[in-house]
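Survey of secondary and tertiary structure
As a plain string of letters, each chain reads:
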Amino acid sequence: MSLRDEDLRAAHRASAAPAGPCPESETLVRAAEGRLAEVFGQWGFMSGQDVASVEGLLDARRREARLFAVALVFALLFLAACWQTARLIRERARTRQTEEALRQSQERYMQAQKLESIGRLAGGVAHDFNNLLTVINGYSDLVFHDLPEQSPLRQQIDQVRKAGARAADLTHQLLTFGRKQVGRPVVVNLNSLVRDAEKMLGRLMGEDIQLITELDPSLGLVMVDPGHIHQVLMNLAVNARDAMPQGGALVIETANTELDRREVVQLTFRDTGAGMDESTLKNIFEPFFTTKGPNKGTGLGLATVYGIVQQSQGRIDVASQPGKGTTFRIFLPRVEGEAAEVPAVSSARRTQGSETILVVEDQEEVREFLVKALTERGYRVLQASDGPKALELSRGHTAAIHVLLTDVILPGMNGRELADQFRTAHPTVRVLYTSGYTQDVIADRGVLHRDVAYISKPYTADEIAAKVREAIDRV
Ligand SMILES: Nc1ncnc2c1ncn2[C@@H]1O[C@H](COP(=O)(O)OP(=O)(O)OP(=O)(O)O)[C@@H](O)[C@H]1O
Ligand SMILES: [Mg+2]
């Protein structure tokens, strides 16, 4: 049965009638699509029902397509919002990280500035003290040895000697903190220094503390004064022991790593002790800061470590929390070269001799003490209070002068200039410098020039005599 034109149009109109407020364009589209079915109907290919269902089908498809488009737009918007949010979070985290790094480096800078000025003050005070201590310790030592064994004065002067030695130790630490203590850096492997000290550190820890060493066999070399590093190991170990009265473990670790794009060697001290709170942590490197109570700690241990690390162009940092132990990390610049043999300190030192020594020292009391100490040990001693007088004296002295023992800082002409001029007349003379603290006249930023013989004040009669002997015997 074929459909009449009117029926078709009516059907088409009915299907094309807007269900609600429908825009005109939509009606046009629908009309265009409906046309196809209409034509098919006219040619008798389709029944009126078929035409209507085709139109219905087209309607459903359109709705589906529209729904899909809307969903797609929403999905894209959602993805864009997610991406933007993630970017913002990332950026904020990066800003926070940069701010934190900046804050930390500012804090480190301020701390370094503060310690630098305290160091300068401490170094200056210690310098003057060393001249005084040379006299106090030197003479009390001489008197002690001169007194007969049974003399009741011996015990009293021994107390003065002990107090003097303690004061010398304090000024030594202060000078180290202020980087005014000369060093004799050599190329070494830190592992061998740790191994050398291991036995002694083990004894220091006692039975309740386990000492574990984890040393990297491929560790790079560093340029340090072995004596200074020994002191660092000792001071850190004593602190760790004090933080673990009930026992625990101390791990000493070495490793190669990078710091600020520099190759460095890392020395780590990790203990399972009491740890520290924020306010303690802020002050630990300051000289005389201690939480150990009177007569238990002087607060110079970490200040000394700090000075030594600075002098070695290194860095030290610390992480700690109350009850969670403490980790100190020291970074030292890695160097190329071959590890030097670290000579063992010989305890049997000769102090006697009969050679001629010229003592040049502007501090009268110190000079007199030197003359007395060396004369008593058999040496022939000449003396002068400054460089020009020493040169004049040497011109009138035809016999050999074996050692020129001179203070580094003298009025008019410094010890180095004196030595240079002196050598032209006495080329074989051995020069031994002495000073209250390191001077760049004979050292380069605290590092002694090679082959320079040096003894820091204060010293006892035996110490200076042994050093003179060493200078003469050196080949
Ligand atoms: N490993 C550690 N665990 C917990 N606290 C520590 C540790 N090392 C240092 N401290 C804290 O830092 C302070 C300063 O240490 P530092 O070595 O400078 O001085 P000290 O040990 O008190 O005295 P000194 O070393 O002169 O005998 C200590 O008093 C202690 O409070
Ligand atoms: Mg200490």
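The model shown is predicted, which means the values in this text are computed figures rather than measured ones. (Residues numbered from 1 in each chain as written. Chains lettered and ligands numbered in written order. Predicted model: local features only at pLDDT ≥ 70, side-chain atom pairs only at ≥ 80, totals over all residues.)

Bringing the sheet that holds strand β11 (residues 430–435) into the picture now. Backbone-to-backbone hydrogen bonds pair the strands of a sheet. The strands run either parallel or antiparallel. Taken in spatial order, the five strands make up an open sheet running β9-β8-β10-β11-β14, and their pairing is parallel. Whereas interior strands pair on both sides, the edge strands pair on one side only; in this sheet they are β9 (380–384) and β14 (453–456). Going from strand to strand, the sheet's axes swing by 20 degrees on average, the running direction of each strand aside. Sheet analysis places strand β10 (residues 403–407) next to β11, joined by five bridges and oriented parallel. Its bridge partner lying in β11, Leu404 is registered against Val431. Sheet contacts for helix α9 (residues 364–376): β8 (356–360), β9 and β10; angle to β9, the most-contacted strand, approximately 170 degrees. This element, helix α12 (residues 461–473), spans β8, β10, β11 and β14 of the sheet and lies at about 150 degrees to β11. (Pairing = 2+ DSSP bridges. Helix = DSSP H or I, 4+ residues; strand = E, 2+ residues; numbered from the N terminus. Axes fitted to C-alpha atoms, helices over the stretch in contact; angles between N-to-C directions. Contact = placed C-beta atoms within 7 Å.)

Lining the immediate environment of ligand 1, one finds 23 residues, of which Asn239, Ala243, Thr290, Gly297 and Gly301 sit closest. Going through the elements one at a time, α6 (226–242) and α8 (301–311) are the ones with two or more residues in the shell around ligand 1. Considered class by class, the residues forming the shell around ligand 1 number nine nonpolar, 12 polar and two charged. (Near = placed C-beta within 6 Å. Nonpolar A, V, L, I, M, F, W, Y, C, P; charged D, E, K, R; others polar.)

Most of α8 sits out of view: 11 of its 11 residues are buried. For α8, every residue scored as buried is listed here: Gly301, Leu302, Ala303, Thr304, Val305, Tyr306, Gly307, Ile308, Val309, Gln310 and Gln311. Phi for Gln313, located one or two positions after α8, is positive at around 55 degrees. (Buried ≥ 20, exposed ≤ 12 C-beta atoms within 10 Å, placed from the backbone.)

Attention now moves to the environment of Glu336. Within the secondary structure layout, Glu336 lies in the loop between β7 (326–335) and β8. The exposure class of Glu336 is exposed, given the 9 C-beta atoms found within 10 Å. Between the alpha carbons of Glu336 and Val222 there is a distance of 8.0 Å; along the sequence they are 114 residues apart.

Turning to the confidence of the model for the chain, a few remarks are in order. Residues of the chain with pLDDT of at least 70 account for 86%, and the chain-wide mean is 85. Below pLDDT 50 for its whole length, residues 14–22 participates in nine contacts with residues either more than four positions away or in separate chains. (pLDDT = per-residue confidence, 0-100.)

This part is about the packing of helix α5 (residues 190–205) against α6. Relative orientation of the contacting elements α5 and α6 amounts to 30 degrees, with a least axis distance of 10 Å. Taken as axis vectors, α5 and α6 run roughly parallel relative to one another. Crossing geometry of α5 relative to α6 is assigned as right-handed. The residues of α6 that touch α5, namely those facing Leu193, Val194, Ala197, Leu201, Leu204 and Met205, are Pro226, Ile229, His230, Leu233, Ala237, Val238 and Arg241. Across the contact of α5 with α6, the residue classes tally to 11 nonpolar, one polar and one charged. (Parallel < 35°, antiparallel > 145°, perpendicular 65-115°, else oblique. Left-handed = near helix turned anticlockwise from the far one by under 90°.)

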